[in-house]
Amino acid sequence: MTTLQFQPLKSAVDIAFWSELGDLKLNAWKLSEEKVNLQGTCSTTLGAGMPAFVQLERSSFTQSATAAIQKGHYTVPGSLQNFNTENGFKNCDKALALKHAGQRVWHNILTGAAEEHPSCLCLFLLLSYADLKKFSYWSWFAFPALKPPGPFQVNKTTSLQHEVQPESAVQIAAACDQWRQVAQDHEDQPSGSSSGASQLPFWLLAKPVEGDWQAAPLTAFADVTKQGCLVWLCMSDPSNNPDHPGWPLRNMLLMAAKRWEVTTLSVLCVRDHRGRLDAARSLCLSVTLPTIPPDWEPSSVVGWEANSAGKLAPRQVDLGASMDPRRLAESAVTLNVSLMRWRAAPSLGIDRLQDLKILLLGAGTLGCAVARVLLGWGIRHIDFVDNSQVAFSNPVRQSLYEFEDCLHGGKPKAEAAADKLRQIYPGAVSLGISLTIPMPGHPVAAPQVQQVQADTARLERLIEEHDVVFELMDTRESRWLPTLLAASAGKLVINAALGFDSFLVMRHGGPPAADSSSSLPAAQPRLGCYFCNDVVAPLNSTVDRTVEQQCTVARPGLASIAGAVAVELMACTLQHPLGINAPAAVAGERVNHEELPLGPVPHMIRGQLSGFTQMCLAGQAFRQCTACSQTVVDQYRQSGWPFLWQALQVMGRICCSQDWSEYASCPFCMAKSWCAVEDCCYFAAFTGTYDCKRSGAFMSYKWIRSFTLLFCPQWQHLSPACNKMAYKLV
């Protein structure tokens, strides 16, 4: 007799398994180090020279992994513990982890669970650490085997072909193939947990004194031995070694010695060819087992897998070196945002942001700053609209341009910005559209009318096709048309404007209440747009400007600050359940971070570098706003281009046509009694100020004249006395 040796198991891990592990760690497990159940597969059809292995794939994480089992394969259970840090992985008590796994196997033997579910004897353990930034994975597999009180001795080793007569070999092969087919059919059923589903990789073969070989579960051992049957223990053997069985037989023989109290056992190691038992390769063993004392407990557990160098040490898999650089970039871009959900913002809705289509109106200092922060949020679809070329002064202030972009008259800004964005991140979907946005008060020559109409139509389509519009232009009047179009389409608008050392970032409120797409609660006032707080219409602000007024003269760091605040305001708004209709944040309000992962949503943020201050303000929508009011939006929807063309030619006509008489009233309380001096809201104006009796508003009389001149040129609404006094005071 010689000591029986077993062929150790090795791990065979598909790349898709590591990819799935990384996804689960990032999006599901996060900071958890709890153990996770796995399912591996073993094969009985390996060719010569192939090691016995347990294979793990992407489906190994799901209970439905058995649905893809091939013929000649069977599943084995395992557990995974993934550590948060490399030090945690390397310094964990691996001896204790293996001991606990061995104790599970011994418990299954003592309780009889291993007889009912033989796969419990084939447990495996996987310790791992995933470096998500470098796509590097550390792992160490263990296949726990309990060390018996004495060695297993083998008396004879031969093939099934030589052990029995050909007729008996055919019967044995048929019985084993039928048993395994029934077991696999049960495994393929999601709810299969009955006898056949757990009878692999071990079962019994019994031959009565008179009769054929028949397969039976392990739980039938006592019955078939009482009947005087010849009994063989069968195993689906993952080993292809001609002399040694596979590793799982170790725990099975210990169970037979403990539970069945046998000292000798005949074992058939089933090996396949093309999915059927191969009598020439299958081994027949006559094994002598040690006696197990009643109070005996296993003293040691073995089973750690050796690495490629043959040492008992972890393995490292570097997927980064073999991955497509574009895919590496794509995974890395979303990594930082996904990590926010581990601790800082567990309820953050990443998909709501990353699936957005963003339209940037303006590819200057603000446009470049906003685009870079959008990429940081993992947003891929970013389109630019601009009509200018890259100038020599741009690259030092605008982060998407280089010196070469300025040569030969300069590249179109929108196209150059889109190209650079795709260079920074190849996964970006970015277009540059050279387009002049029509503006009120800017003269349009007769030959240009058709082009202005075409530009307006294209801007309409662009706003309809995108989810969020950023208004980042240099002039106030260039924001009027996009604001109106976005209000009509119900799109979120984020507005950013710069002064020398100050900035304004604001979000426009939802569409007017009459719009059926508005989800604004009835009691909640609609928030205003960029033009709602103005008392003058948007007119040509580029006339008679000196050189420092023609350029955006601002402190160099201001645009980056404002651009970042603008994108963060967008992200905060879209994480609110009401989205575009989210109410303005109230100072001191308590925040439910599950509902608002990025906190409450302000309406306007005004920042000042002089003193480094910032404050949040809110303003309701103005009922007579020239851009987002119900009347203006309705006029645009009804008349379309004719209405826009009239407004672009003479902005004052907006408030003086289509029964817009309310624009000749008090801009605060809407009182219309301008001419009755004794009962007029303008009564105090004759002292040089304006005091609205109904609302308590107060402003200088010169602003009254500006409001009247630019917003409503029809001076007949004022009495001659008011006219004369207005001219005199201003």
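Residues numbered from 1 in each chain as written. Predicted model: local features only at pLDDT ≥ 70, side-chain atom pairs only at ≥ 80, totals over all residues. Heavy atoms only, no water.

Caption draft 1: Here's a closer look at the overall build of the chain. Within the chain one finds 21 helices and 27 strands. Here the chain holds 730 residues, and the buried ones make up 52% of them. A sequence separation of at least 24 residues applies to 71% of the contacts in the chain between residues at least 6 apart. Looking at the chain as shown, the accessible area adds up to about 33300 Å², and 52% of this sits on carbon and sulfur atoms. (Helix = DSSP H or I, 4+ residues; strand = E, 2+ residues; numbered from the N terminus. Buried < 20%, exposed > 50% of the residue type's maximum accessible area, 1.4 Å probe, protein only. Contact = heavy atoms within 4.5 Å. Areas by Shrake-Rupley, 256 points an atom, 1.4 Å probe, with all protein chains shown as cover.)

Caption draft 2: Focus on the sheet that holds strand 24 (residues 604-608). The sheet built from eight strands is open, its strands ordered 20-19-18-21-22-23-24-25 with mixed pairing. For this open sheet the edge positions go to strand 20 (432-434) and strand 25 (613-617), each flanked by a neighbour on one side alone. The average undirected angle you get between the axes of adjacent strands in this sheet is 15°. Lying over the sheet, helix 13 (residues 449-465) contacts strand 18 (357-361), strand 19 (381-386), strand 20 and strand 21 (468-471), oriented at roughly 140° with respect to strand 18. (Pairing = 2+ DSSP bridges. Axes fitted to C-alpha atoms, helices over the stretch in contact; angles between N-to-C directions.)

Caption draft 3: The confidence of the model for the chain, seen in detail. The share of residues in the chain with pLDDT of 70 or more is 81%, and the mean pLDDT across the chain is 83. The secondary structure element of the chain with the lowest average pLDDT is helix 21 (residues 720-729), at 35, and the one with the highest is strand 21, at 98. (pLDDT = per-residue confidence, 0-100.)

Caption draft 4: Molecular detail of the state of the cysteines. The final tally for this structure, using the stated rule, is zero disulfides. With no disulfide of its own, cysteine 122 has cysteine 42 as its nearest cysteine by sulfur position, at a separation of 7.0 Å. No disulfide involves cysteine 234; its sulfur sits 4.3 Å from that of cysteine 176, the nearest cysteine. (Disulfide = S-S within 2.5 Å.)

Caption draft 5: Examining helix 8 (residues 249-260) more closely. Here helix 8 spans 15 Å end to end across 12 residues, near enough to the 16 Å set by a 1.5 Å rise per residue. Counting buried residues along helix 8, 11 of its 12 residues qualify, which places the element largely inside the surrounding structure. Along helix 8, the residues that are buried comprise Leu249, Arg250, Asn251, Met252, Leu253, Leu254, Met255, Ala256, Ala257, Lys258 and Trp260. Downstream of helix 8 by one or two residues, glutamate 261 has phi in the positive range, about 55°. (Expected span 1.5 Å × (residues − 1).)

Caption draft 6: View of the packing of helix 14 (residues 480-489) against helix 17 (residues 630-639). At a minimum axis separation of 10 Å, helix 14 and helix 17 run at an interaxial angle of 85°. If you check the angle between helix 14 and helix 17, you find them roughly perpendicular. When helix 14 is examined against helix 17, the residues Leu484, Leu485, Ala487 and Ser488 are found in contact with a partner set consisting of Val632, Val633, Tyr636 and Arg637. Residue composition of the contact of helix 14 with helix 17, by class: six nonpolar, one polar and one charged. (Parallel < 35°, antiparallel > 145°, perpendicular 65-115°, else oblique. Nonpolar A, V, L, I, M, F, W, Y, C, P; charged D, E, K, R; others polar.)

Caption draft 7: Up close: the environment of alanine 257. Along the chain, the position of alanine 257 falls in helix 8. Taking the C-alpha atoms as reference, alanine 257 lies 9.5 Å from proline 148; in sequence the two are 109 residues apart. Apart from the residues lying within four places of it in its own chain, the contact partners of alanine 257 are Val262, Leu289, Pro290 and Ile292.

Caption draft 8: Spatial organisation of the environment of tyrosine 137. Tracing the chain through its elements places tyrosine 137 in strand 7 (residues 136-146). Excluding its chain neighbours within four sequence positions, the residues that come into contact with tyrosine 137 are Trp18, Leu21, Gly22, Tyr129, Ala130, Arg315, Gln316, Val317 and Leu319. There is a polar contact of 3.3 Å between the side chain of tyrosine 137 and the backbone oxygen of tryptophan 18. (Polar contact = N/O pair within 3.5 Å; in protein donor to acceptor, adjacent residues only side chain to side chain.)

Caption draft 9: Representation of the pairing of strand 8 (residues 153-159) in the model. Relative to strand 8, strand 1 (residues 2-3) runs antiparallel, the two sharing two bridges. Across the sheet, the residue bridging to threonine 2 is valine 154, located in strand 8.

Caption draft 10: Up close: the packing of aromatic side chains. Applying the stated criterion across every chain yields a total of 16 aromatic pairs. A ring pair is formed by phenylalanine 124 and phenylalanine 143, whose centres lie 6.5 Å apart and whose planes are at 45°; its orientation type is tilted. Of the two residues, phenylalanine 124 sits in strand 6 (residues 124-131) while phenylalanine 143 sits in strand 7, which places them 19 residues apart along the sequence. Relative to tryptophan 645, the ring of tryptophan 641 has its centre 5.7 Å away and its plane inclined at 25°; by these criteria the two rings are stacked. With a gap of four residues between them, tryptophan 641 and tryptophan 645 both fall in helix 18 (residues 641-649), about one helical turn apart. (Phe/Tyr/Trp six-rings, centres within 6.5 Å; stacked < 30°, edge-to-face > 60°.)

Caption draft 11: Main features of the pattern of salt bridges. This structure, assessed with the given rule, holds 11 salt bridges. One salt bridge connects glutamate 20 with arginine 58, and the closest N-O pair in it is separated by 2.8 Å. Here glutamate 20, found in helix 1 (residues 15-29), pairs with arginine 58, found in the loop between strand 4 (53-56) and strand 5 (73-83); they are 38 residues apart in sequence, far enough to count as distant. In this structure arginine 58 comes out as partly exposed when scored by relative accessible area, which is 39%. Via salt bridges that share partners, Asp177, Arg180 and Asp272 belong to a single interconnected network. (Salt bridge = Lys/Arg side-chain N within 4 Å of Asp/Glu carboxyl O.)

Caption draft 12: Fine view of the side chain of aspartate 131. As for its position among the elements, aspartate 131 is in strand 6. Comment: no salt bridge for buried aspartate 131; closest opposite-charge side chain is lysine 134, at 4.6 Å. Within the structure, the side chain of aspartate 131 is placed 3.2 Å from the backbone nitrogen of lysine 133, a separation counted as a polar contact. (Lys, Arg positive; Asp, Glu negative; His and termini not counted.)

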